[in-house]
Amino acid sequence: MQRRHLLQLGLGAAALPVQLWAASADTPRLLVVFLRGAYDAANLLVPTSSSFYYEARPNIAIARTAVLALDTDWGLAPALTDSIHPLWLKQQAAFVPFAGTHEASRSHFQTQDHIELGQPDDATSGHRDFRSGFMNRLASAIGAGAPATSRLEAMAFTDQVPLILRGGQPVANQALRDLGKPAINAQQAQIIAGMYANTRMAGAVSGGFEVREEVSREMAGEMEAASRGAIAAKGFALEARRVARLMRERVTLGFIDVGGWDTHVGEGGATGQLATRLGELGKGLAQFADEMGPQWKNTVVVVVSEFGRTFRENGNRGTDHGHGSAYWVLGGSVKGGRIAGEQVEVKASTLFQNRDYPVLNEYRALFGGLARRMYGLTDAQLATVFPGASAKDIGLV
Amino acid sequence: MRHLLLSTALVLTLAGCASGPPPALAPAGTAAQDSLWLDRLTYGASRTDLAQVRTLGRAAWLERQLRAGAEALPAAAQAQVQALSIEQETLTARVQRLEAQRKAADALTDDAAKAEAQKNYQQALTKLAREAATRQLLHALYSPQQVREQMTWFWFNHFNVHQYKANLRVAVGDYEQGLRDRALGRFRDLLGYTAHHPAMLRYLDNDQNGANRINENYARELLELHTLGVGGGYSQRDVQELARVLTGLGVNITDNRPKLKPAQEAFYRRDGLMEFNPARHDFGEKQLLGLTIKGEGFAELEQVLDLLARHPSTARFVSRKLAQQFVADDPPPALVERMAARWQQSDGRIADVLRTMVNSPEFDASLGRKFKDPTQFVVSAVRLAYADKVVLNTGPMLGWLYRLGQAPYNRQTPDGYPLDENAWAGPGQMTTRFEIARAIGSGSAGLFKVDGEAKDRPAFPQLAQPVYYEGIAPRLTAATQQALAQATSPQEWNTYLLSSPDFMHR
């Protein structure tokens, strides 16, 4: 995708004033969506050619007749009919099955931490740095975010800066779910900023007010639209639209998380608990794509989750903690309409520990390959983002 | 007053005899300087503390704080603590009750009923952690033993566990209470306490660590984060050997004991929920940090903890962390060395190490320059606003701490929350702090809403009180004074004061 601009900056990127590079309209945007709770990938990307799938899930399998066929082996959950399937047809959506981390504790927290830190799997190979998430190191490598005085480039759309974005680069965070009017009005903001004018926090304070102001302008736009009778977006769709507005205008590296995937009980199939959740997610992401407008061509969205779930349904018509997941890759310039990465036939003998999808596409290699394509990073730069991993380009962009 | 001064002097002399040279008396300062000094050692100078420092002097105030007294909370705060369900039950009873609830939920066959029961179980766990946080905040706000509260927070963070791992929400309150009891004592006792507490054993997976199925997680953090520190002179081999020492040390929440061979019976240990199961222990000889550890079961651990607690790297690593918390993000190495030396001389007596730190010129020179972390910011703001009126609901404070990213017991990773400014002074954080300053400054903010009542009971933040005029106002910068002068209402004035760089530092 938009590599030219970045290659021009080349290795000197980090040394250049960040504002210049942030201002460029065609800077690639990356949004990482983390599905916390481990979503059941096998009921999103249905292995329709596997009779084992139908044997293993007598109550929750999605029938071949119900899925949206993607190719001869895979079908998409019908919950995504109006949202992600159209992107697939436009070749703007790809899926990477058997994706994840080799960490196999099957603990939500441990595995989420592990993925967000993006440090070597082999704990004996060195010291883990709990203060450094891989997206922060990526921000560093591509020169986004730097000083507190810069416009805010890397941003978590969450209440707290998540592990994935913690580290040396200052990162903004602002949850966009429930936005009230700014509690501090413009005049008060000016007076408060005045108190900090001659302190080392001057940039952080004025930068923070600036973002809040921007968000509130977007809010005003929403309210105006609503008053003209437009159907207001709700829930994640609304949040995703807000994210898009910020990513369109100023944020190049974004992160958001979505919960509610830990479907141990009564997961459902073509409809039901998981399908509803997937429907909301898909709708939000489709709205995100729409709201990005002309910038959609410079944007990549990657949807990840800490691990997959047991391939066989459990005694409660749900699924338990598993291993391999399926990642989604969406974007205007994504080489979509295909199932990417290493694959294996889905049958009992190929399961990991006879219970879960194996991990054939390790997330660090996958993100590394993506970052190389998107930002033209060198091996040396990639090694700072994902130490000890070799990037693998599976041609996603 | 003379009598009081004399008896204090006597105590000081005695304390001096017991623990080395008597502390140098800090130079008498102005009230503003003393309040700044107190801000660093408390959750904000209170009128009582400031009066004590003014009359008795800093050294005497510090000695009172470092003594293991049990001064009670104000009655209104104590009553709230006593009403909490976590105060009514032992940890063992609580864990067993919750476990029964979990099993009953899992046994249900109807999907909807089961989902509902599991949700109830999760909510019960969350309520327990919330109660613990309530107790923590009430202590932070109103305990006369402010240094102990500062240190309780420090130790929880040092020996961090995360409430959302497994069922730890049930145990964080108990874990914290034990740290509070030991907060100013010997490091060895703190270390032993955490090593035996089910919260730690479960958080760092030592309950999964058995002979021939080693889990190194706790062993690694014990060396890297709890004692020696990175670069403290241990190798991967030491981690592996320590993991072998730790085999068999775990958690048993039932009343049953494992079936053991007769030869193993004598090695079995049980203390509350902690269990040392000799059947899971590796009784082979270990080599750790140059020492040979003979296979003696539980006693090996005690031997190793002695070794780690007395190790010079531990003295230096933990002293540096203390100085990071209380002096500067990058503390002066000479100060850290003196603290570490005191640590070694006193066999890790934390009160002694703190005294060395507080009485140092480096400490004095750093006053007013340390950026408050979110907890310090939120607690000090509420403490200033409601010094004389105990809040009835800490829920809003918890909400603010979640927004600011430093909620109690909520650091996922074992390194604890960062102690440096960089982690907390980003743009989003600052904006959120100003909004919280406004919430606190503008009215009762939910802090006086009692469950079951529709509205807050009447309350209004009283920032402009004696401690402000005496301790804070004289040291405000010109820019802050200018902002305060532009306030058009008491609410706005409060907002500006709590938002000011002067208030954000301590």
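Residues numbered from 1 in each chain as written. Chains lettered and ligands numbered in written order. Predicted model: local features only at pLDDT ≥ 70, side-chain atom pairs only at ≥ 80, totals over all residues.

A look at the overall build of chain B
Okay, step 1: Counting its secondary structure elements, chain B contains 26 helices and 5 strands.
Okay, step 2: The C-alpha radius of gyration computed for chain B amounts to 24 Å, which stays within 12% of the reference 23 Å derived for 506 residues, consistent with globular compactness.
Okay, step 3: With respect to the three principal axes, the spread of C-alpha positions in chain B is 75 × 65 × 45 Å.
Okay, step 4: The buried share of chain B, reckoned over its 506 residues, is 50%.
Okay, step 5: Taking the intrachain contacts of chain B between residues at least 6 apart in sequence as the baseline, contacts between residues at least 24 apart amount to 70%. (Helix = DSSP H or I, 4+ residues; strand = E, 2+ residues; numbered from the N terminus. Rg over C-alpha atoms; globule rule 2.2 N^0.38 Å. Buried ≥ 20, exposed ≤ 12 C-beta atoms within 10 Å, placed from the backbone. Contact = placed C-beta atoms within 7 Å.)

With respect to the overall build of chain A
Okay, step 1: In terms of helices and strands, chain A carries 12 helices and 12 strands.
Okay, step 2: Here chain A, with 397 residues, has 56% of them falling under the buried criterion.
Okay, step 3: Considering only intrachain contacts with a sequence separation of at least 6, the fraction spanning at least 24 residues in chain A is 72%.

As for the packing of helix 7 (residues 111-142) of chain B against helix 9 (residues 172-182) of chain B
All names here are of chain B.
Okay, step 1: Between helix 7 and helix 9, the shortest axis-to-axis distance is 8 Å and the interhelical angle comes to 30°. With respect to helix 9, the element helix 7 is oriented roughly parallel. Together, Leu128, Ala129, Glu131, Ala132, Arg135 and Gln136 of helix 7 and Val172, Gly173 and Glu176 of helix 9 make up the contact between the two elements.
Okay, step 2: Among the residues making up the contact of helix 7 with helix 9, the classes are represented as 4 nonpolar, 2 polar and 3 charged. (Axes fitted to C-alpha atoms, helices over the stretch in contact; angles between N-to-C directions. Parallel < 35°, antiparallel > 145°, perpendicular 65-115°, else oblique. Nonpolar A, V, L, I, M, F, W, Y, C, P; charged D, E, K, R; others polar.)

Some thoughts on the nonpolar core
Residue and element names in this part refer to chain B.
Okay, step 1: Ranked by size, the top nonpolar core spans 142 residues in total, and within it Leu242, Met357 and Val382 carry the most contacts.
Okay, step 2: Take this core: its biggest share by element is 10 residues, from helix 7.
Okay, step 3: Apart from the residues within four sequence positions on either side, Met357 is in contact with Leu322, Ala323, Phe326, Val327, Leu335, Met339 and Phe363. (Core = buried A, V, L, I, M, F, W, Y, C linked by C-beta atoms within 7 Å.)

What about helix 13 (residues 236-245) of chain B?
Okay, step 1: Residues of helix 13 of chain B that are buried include every one of Val239, Glu241, Leu242, Ala243, Arg244 and Val245 of chain B, and no others.
Okay, step 2: Where helix 13 of chain B is buried, its residues meet helix 12 (217-226), strand 4 (286-288), strand 5 (291-293) and helix 15 (298-310) of chain B.

Re the domain arrangement of chain B
Residue and element names in this part refer to chain B.
Okay, step 1: The assigned domain composition of chain B is domain 1 (2-66), domain 2 (90-203) and domain 3 (374-504).
Okay, step 2: The interface of domain 1 with domain 3 comprises 10 residues on the first partner and 13 residues on the second.
Okay, step 3: Going through the elements one at a time, helix 2 (31-41) and helix 3 (47-56) are the ones with two or more residues in the side of domain 1 that touches domain 3.
Okay, step 4: Ranked by residue count, the leading element in the side of domain 1 that touches domain 3 is helix 2, at 4 residues.
Okay, step 5: When grouped by side-chain class, the residues that make up the side of domain 1 that touches domain 3 number 6 nonpolar, 3 polar and 1 charged. (Domains from an automatic or database assignment.)

Quick look at the pairing of strand 1 (residues 29-35) of chain A
Residues and elements named next belong to chain A.
Okay, step 1: For strand 1, a buried count of 7 out of 7 residues is recorded, marking the element as mostly surrounded by other parts of the structure.
Okay, step 2: Residues Arg29, Leu31, Val33 and Leu35 point to one face of strand 1 and Leu30, Val32 and Phe34 to the other, with burial holding for every one of them.
Okay, step 3: Sheet analysis places strand 1 next to strand 9 (residues 299-305), joined by 7 bridges and oriented parallel. Within strand 9, the residue paired with Phe34 across the bridge is Val304.
Okay, step 4: Examined bridge by bridge, strand 1 and strand 8 (residues 253-258) share 6 bridges and lie parallel to one another. Paired with Val32 across the bridge in strand 8 is Phe255. (Pairing = 2+ DSSP bridges.)

Some remarks on the sheet that holds strand 3 (residues 68-69) of chain A
All names here are of chain A.
Okay, step 1: Strand order in the open sheet formed by 3 strands is 2-4-3, with antiparallel pairing between adjacent strands. If you trace the sheet from one side to the other, it starts and ends with strand 2 (45-46) and strand 3, each paired once.
Okay, step 2: Sheet topology note: the strand 3/strand 4 (residues 75-76) ladder contains 2 bridges and is antiparallel. Counterpart to Leu68 in the pairing with strand 4 is Leu76.

Observations regarding the interface of chain B and chain A
Okay, step 1: Taken together, the 35 residues of chain B in the interface contact 40 residues of chain A.
Okay, step 2: If you list the elements that add at least two residues to the side of chain B that touches chain A, you get helix 7, helix 21 (395-404), helix 22 (427-442), helix 24 (478-485) and helix 25 (490-499) of chain B.
Okay, step 3: Among the elements that take part in the side of chain B that touches chain A, helix 22 of chain B stands out by supplying 8 residues, more than any other.
Okay, step 4: By residue class, the composition of the side of chain B that touches chain A is 14 nonpolar, 13 polar and 8 charged.

A look at the environment of Arg250 of chain A
Residue and element names in this part refer to chain A.
Okay, step 1: Residue placement: Arg250 occurs in the loop between helix 9 (235-249) and strand 8.
Okay, step 2: Its 18 C-beta neighbours within 10 Å are what place Arg250 among the partly exposed residues.
Okay, step 3: When the C-alpha atoms of Arg250 and Met155 are compared, they prove to be 9.8 Å apart, with 95 residues separating the residues in sequence.

Thoughts on the pairing of strand 10 (residues 325-330) of chain A
Residue and element names in this part refer to chain A.
Okay, step 1: Within strand 10, 6 of the 6 residues are buried, which leaves it mostly tucked inside the rest of the structure.
Okay, step 2: Side chains Ser325, Tyr327 and Val329 project from strand 10 onto one buried face, and the interleaved Ala326, Trp328 and Leu330 project onto a second face that is buried too.
Okay, step 3: Two strands pair when backbone bridges link them, and strand 5 (residues 93-100) and strand 10 are joined in this way by 6 bridges, in the antiparallel orientation. The partner of Val96 across the bridge, within strand 10, is Tyr327.
Okay, step 4: Judged from the 3 bridges that link them, strand 9 and strand 10 form a sheet pairing that is antiparallel. Bridged to Val303 within strand 10 is Trp328.

Comments concerning unusual backbone geometry
Residues and elements named next belong to chain A.
Okay, step 1: At Phe98, a residue that is not glycine, the phi angle is positive and equals roughly 55°.
Okay, step 2: By the C-beta count within 10 Å, which is 24 here, Phe98 ends up buried.
Okay, step 3: One non-glycine residue with positive phi stands out, namely Arg106, at about 60°.

A short note on helix 10 (residues 273-292) of chain A
Working note: α-helix, 3.6 residues per turn, so residues spaced by three or four point in the same direction.
Residue and element names in this part refer to chain A.
Okay, step 1: End to end, helix 10 covers 29 Å across 20 residues, agreeing with the expected 28 Å (1.5 Å per residue, within 8%).
Okay, step 2: With 15 of 20 residues buried, helix 10 is to be regarded as a mostly interior element.
Okay, step 3: Immediately downstream of helix 10, the backbone of Gly293 shows phi near 55°, a positive value. (Expected span 1.5 Å × (residues − 1).)

Here we look at the packing of helix 2 of chain B against helix 3 of chain B
Residue and element names in this part refer to chain B.
Okay, step 1: Contact pair helix 2 / helix 3: the axes reach a minimum separation of 10 Å and the direction vectors enclose 120°. Viewed along their axes, helix 2 and helix 3 adopt a mutual orientation that is oblique. As helix 2 runs across helix 3, the sense of the crossing is right-handed. For the pair helix 2 and helix 3, the contacting residues are Ala31, Asp34, Ser35 and Leu38 in the first and Asp49, Leu50, Val53 and Arg54 in the second.
Okay, step 2: In terms of residue class, the contact of helix 2 with helix 3 is built from 4 nonpolar, 1 polar and 3 charged. (Left-handed = near helix turned anticlockwise from the far one by under 90°.)

Topic: the sheet that holds strand 2 (residues 269-271) of chain B
All names here are of chain B.
Okay, step 1: Overall, antiparallel pairing links the 3 strands, which are arranged 1-3-2 in an open sheet. Only two strands of the sheet have a single partner each, and these edge strands are strand 1 (249-251) and strand 2. Strand-to-strand twist in this sheet, taken as the mean axis angle between neighbours without regard to direction, amounts to 20°.
Okay, step 2: Alignment of strand 1 against strand 3 (residues 274-276), held across 3 bridges, turns out to be antiparallel. Paired with Gly250 across the strands is Glu275, a residue of strand 3.

Overview of the environment of Ala334 of chain B
Okay, step 1: Turning to its location among the elements, Ala334 of chain B is positioned in helix 17 (residues 333-345).
Okay, step 2: For Ala334 of chain B, a count of 11 C-beta atoms within 10 Å corresponds to the exposed category.

Comments concerning the confidence of the model for chain A
Should the pLDDT be low somewhere, the predicted coordinates at that spot are not to be read in detail.
All names here are of chain A.
Okay, step 1: Here chain A averages 86 in pLDDT, and 87% of its residues register 70 or above.
Okay, step 2: Across residues 1-23 the pLDDT falls below 50, and counting only partners more than four positions away or on other chains, this stretch makes 36 contacts in the model.
Okay, step 3: The low-confidence segment residues 146-151, where pLDDT is below 50, has 18 contacts with residues more than four positions distant or belonging to other chains. (pLDDT = per-residue confidence, 0-100.)

Some remarks on the confidence of the model for chain B
Residue and element names in this part refer to chain B.
Okay, step 1: Predicted confidence across chain B gives a mean pLDDT of 92, with 94% of residues reaching 70 or more.
Okay, step 2: Confidence over residues 1-27 falls short of pLDDT 50; this stretch has 26 contacts with residues more than four positions distant or in other chains.
Okay, step 3: On the interface metric, ipTM, the complex scores 0.90, and its pTM is 0.83.

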